[in-house]
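# Coordinates in review
Here are the chains, one letter per residue:
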2 protein chains.
Amino acid sequence: MRKVAVIGVGQSVFGVRGDVTLQELAWEAVREALEDAGITQKDVDISVVGTVGTRGYELMPAQPVNDYVGMTPKGPIRVEMACATGLAALTVGYNFIASGNADVVLAIGVEKMNEVDTPTSLAVGGRAGNYLWEFHFYGTTMPAGYALYATAHMAKFGTTEEHMALVAVKNHYYGSLNPKAHFQHPVTVEEVLKSRPVAWPIKLLDSSPISDGAAAVVLASEDAARRLKVDTPVWIAGIGYANDTPILTRRPDYVGYRATRLAAEMAYKRAGIAPQDVEVANVHDAFTIAEIIAYEDLGFVKKGEGAKLIAEGQTYAGGKVAVNIDGGLKAKGHPLGATGLGMVYELTKQLREEREGKRQAPLKRYVALAHNVAGVGHVAYVVVLRR
Amino acid sequence: MRKVAVIGVGQSVFGVRGDVTLQELAWEAVREALEDAGITQKDVDISVVGTVGTRGYELMPAQPVNDYVGMTPKGPIRVEMACATGLAALTVGYNFIASGNADVVLAIGVEKMNEVDTPTSLAVGGRAGNYLWEFHFYGTTMPAGYALYATAHMAKFGTTEEHMALVAVKNHYYGSLNPKAHFQHPVTVEEVLKSRPVAWPIKLLDSSPISDGAAAVVLASEDAARRLKVDTPVWIAGIGYANDTPILTRRPDYVGYRATRLAAEMAYKRAGIAPQDVEVANVHDAFTIAEIIAYEDLGFVKKGEGAKLIAEGQTYAGGKVAVNIDGGLKAKGHPLGATGLGMVYELTKQLREEREGKRQAPLKRYVALAHNVAGVGHVAYVVVLRR
């Protein structure tokens, strides 16, 4: 199997982006990624667009996006996997290179969430799973699904609302240092606890925002990376993926996500590493409880010890493992298709040690991990990156 | 690069399928494909779902579909490329095996077009391209886009409404022999010419129907095909793909599709064959003019000679190249996500010589071709299959 490197990354400012069309938003990320790789569209063999796109006015958005960013005639694929769309697109692109069918691939993730009338419920969120059984019959929105896991985790392991608030505090702190984050202001534990309940114990400040945004990643084979004189290629060491039943009532418990555990196991095995090797990670903190559960499911700590990890501050840069030090979904934002590629954007910068001061994780082994989830643990992707 | 074989195929009856849900429809094809391959879900490494899904009630349909057909936890990807979704999904699956990241892949294509209120215009068809410029500003629906190409082809090459009607007559003839076709009745040239105009010169009987349907294809590596004791593997000899600008006014002419020409060139080169080697083909006859233009763009004849080929009856089984002898999109039906995989279903049966009487193309070289197009030549996939 051919080795695959990340040779260029780009990301738009995440936030409410009524100032641009979907195509223009994609271009902000694509231009930066191409410049970062030191290439032009002519060097790219194929473009993979990851976008949920649902209910936006361009319902099959890959074609206008590819055309606008100069990828015609090399843009024949769109990938969708709800909130995990970004790493799904990366995985599809990865296989084009690993197989030998392409040397250079552009993966584009883009989403305009604010174009949709009711993104959290009927129009999008409620349909990311099994609409008929979960949303229509039981009214299970995304916050309600995560609240189910939060209460179970609290009951079984003593995790508290304060623990969850600490995740928001950490991620908002890093958002405040990130000029591309949706939220660039810090919050306190008290502010989180006093914020409006969405689906108890999840409150407004436990929740990721409705963001527009784009991210792009240029992948290359080893030969192409050498030919293009890439200074610091970041290698994709292993990718894992799995889904779980979208019918929540069929799951055996609500304290962890099987899809994440299976995906992590596959990624670690393929990369030949252990969870403890990971020094910097972006995990899917759609809600603060999800970050605590991710610590456990990814094997950073044992099941039930996630709350302790955040309480001890071990997931700040300099701790045991730096997590979401770009702000995460919680503060950087969560524009579905762009989210996973935005993680790879950040981790590539980290592995190249291009961040400054408190924003740079100290590295010895140069191992990073991205974790992208669809729905309430419906699908998970885990990508291990190494310099 | 690892070789990839088609080892199992299945297809539901195409048509108005109000009798089943999307998941149940998918299962009809998946069950047949698994049985045809002589395997169970346990033997599959990953499932790729191809579906446009737009405006159906399951907006992110891969998860409920995969779960229902028993593919949890191996179903983390959905692919969409409008009407070319089926072969896009096949291509994604192909690369998972060619790279060595999977041994057995299930590609599922499924669509319920009749669940959507206005499938041809606002809700789906008009948005398969560049909604804002083409549909909203200029009112260019799919039939109108193809009519533009039909009138240009008539003006430049003398193609007539009768020539187009002959395509409908051929494809309905084969539909009448296919118990899985949406339309199982023959039509006459006179009936086609007298049918209601949709966008002149395209009439109702020049148009493919609004079909529900599913198709599934099991792919395997050479080793896996041997291990699973597959009798007659059908090899994917080469895949080509390309897109063109979705803004029709920017195209240099309207007598051929650049995306098809580029995709065919790539597929022929990778397969190491010439167009004349193809003995049986399924081409994307969304409208009858599209089949005539496909003859030319795929290189079966020179540009401008497509009408002559159908007029001489050379695309019936036994002619120069047998085209759409399952009824094609025109009579078998066009359930977007299922269409391309339905082509592979038919061609696999042809290459294995499992059809009877007039439905079996006579073969010497055992070379087949599938051609799947999105929009009005917006994206094209060409897959060359060999026994």
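A brief structural summary.

Cut-off values and rules
Residues numbered from 1 in each chain as written. Chains lettered and ligands numbered in written order. Predicted model: local features only at pLDDT ≥ 70, side-chain atom pairs only at ≥ 80, totals over all residues. Heavy atoms only, no water. Buried < 20%, exposed > 50% of the residue type's maximum accessible area, 1.4 Å probe, protein only. Helix = DSSP H or I, 4+ residues; strand = E, 2+ residues; numbered from the N terminus. Phe/Tyr/Trp six-rings, centres within 6.5 Å; stacked < 30°, edge-to-face > 60°. Lys NZ or Arg CZ within 6 Å of the ring centre and 35° of its normal. Polar contact = N/O pair within 3.5 Å; in protein donor to acceptor, adjacent residues only side chain to side chain. Pairing = 2+ DSSP bridges. Expected span 1.5 Å × (residues − 1). Salt bridge = Lys/Arg side-chain N within 4 Å of Asp/Glu carboxyl O.

## Focus on helix α10 (residues 288-297) of chain B
Residues and elements named next belong to chain B.
- Of all the ten residues making up α10, ten are buried; the element is thus mostly covered by neighbouring parts of the structure.
- Buried within α10 are the following residues: Thr 288, Ile 289, Ala 290, Glu 291, Ile 292, Ile 293, Ala 294, Tyr 295, Glu 296 and Asp 297.
- Gly 299, located one to two residues past α10, shows a positive phi value of around 85°.

## Regarding the packing of aromatic side chains
- What the rule picks out here adds up to 18 aromatic pairs over all chains.
- With a centroid separation of 6.2 Å and 45° between ring planes, the pair formed by Tyr 173 of chain B and Tyr 316 of chain B is classed as tilted. Of this pair, Tyr 173 of chain B sits in helix α6 (residues 161-176) while Tyr 316 of chain B sits in the loop between α11 (306-311) and β10 (322-323); the two residues are 143 residues apart in sequence, bridging distant segments of the chain.
- We classify Tyr 316 of chain B as partly exposed; its relative accessible area is 25%.
- Connected via pairs of aromatic rings, a cluster forms that spans Tyr 146, Tyr 149, Tyr 254, Tyr 257 and Phe 287 of chain A.
- Lying across the ring of Trp 235 of chain A, Lys 3 of chain A places its NZ or CZ 4.2 Å from the centre.

## Re unusual backbone geometry
Residues and elements named next belong to chain B.
- Each neighbour pair has its own omega, and for Thr 72 with Pro 73 the value is 10°, a cis peptide bond.
- Residue placement: Pro 73 occurs in the loop between α2 (62-68) and β3 (77-80).
- With an omega of 5°, the peptide bond between Trp 200 and Pro 201 qualifies as cis.
- Turning to its location among the elements, Pro 201 is positioned in the loop between β5 (197-199) and β6 (202-203).
- With a phi close to 55°, Asn 324 is a non-glycine residue in the positive phi region.
- Positionally, Asn 324 belongs in the loop between β10 and α12 (328-331).
- You can call Asn 324 buried: its relative accessible area is 0%.

## Comments concerning the side chain of Ser 99 of chain B
- Assignment of secondary structure puts Ser 99 of chain B in the loop between α3 (85-98) and β4 (104-112).
- At a separation of 3.1 Å, a polar atom in the side chain of Ser 99 of chain B contacts the main-chain carbonyl oxygen of Phe 96 of chain B.

## Some points on the pairing of strand β1 (residues 4-11) of chain B
All names here are of chain B.
- Summarising burial for β1: eight of the eight residues are buried, a large majority.
- The pairing of β1 with strand β7 (residues 212-221) spans seven bridges and is antiparallel. Bridging from a neighbouring strand, Val 4 pairs with Ser 221 of β7.
- Where β1 and strand β8 (residues 234-243) come together, two bridges link them in antiparallel fashion. Of the residues in β8, the one forming a bridge with Ala 5 is Trp 235.

## What to know about helix α3 (residues 85-99) of chain A
Residue and element names in this part refer to chain A.
- The terminal C-alpha atoms of α3 lie 21 Å apart, and with 15 residues this matches the ideal 21 Å at 1.5 Å per residue to within 8%.
- Burial within α3 is extensive, with 15 of its 15 residues counted as buried.
- Following α3 by one or two positions, Gly 100 adopts a phi angle in the positive range, close to 95°.

## Quick word on the pattern of salt bridges
- Using the criterion set out here, one finds 52 salt bridges over all chains in the structure.
- The shortest N-O distance in the salt bridge between Lys 203 of chain B and Asp 206 of chain B comes to 3.6 Å. Both residues of the pair, Lys 203 of chain B and Asp 206 of chain B, count as buried.
- Between Lys 303 of chain B and Asp 297 of chain B there is a salt bridge, and its shortest N-O distance comes to 2.9 Å.
- A relative accessible area of 33% means that Lys 303 of chain B is categorised as partly exposed.
- A relative accessible area of 7% places Asp 297 of chain B in the buried class.
- Counted as one network, the salt bridges with shared partners bring together Asp 36, Lys 349, Arg 352 and Glu 354 of chain A.

By themselves, these figures tell us nothing about what the structure is for.
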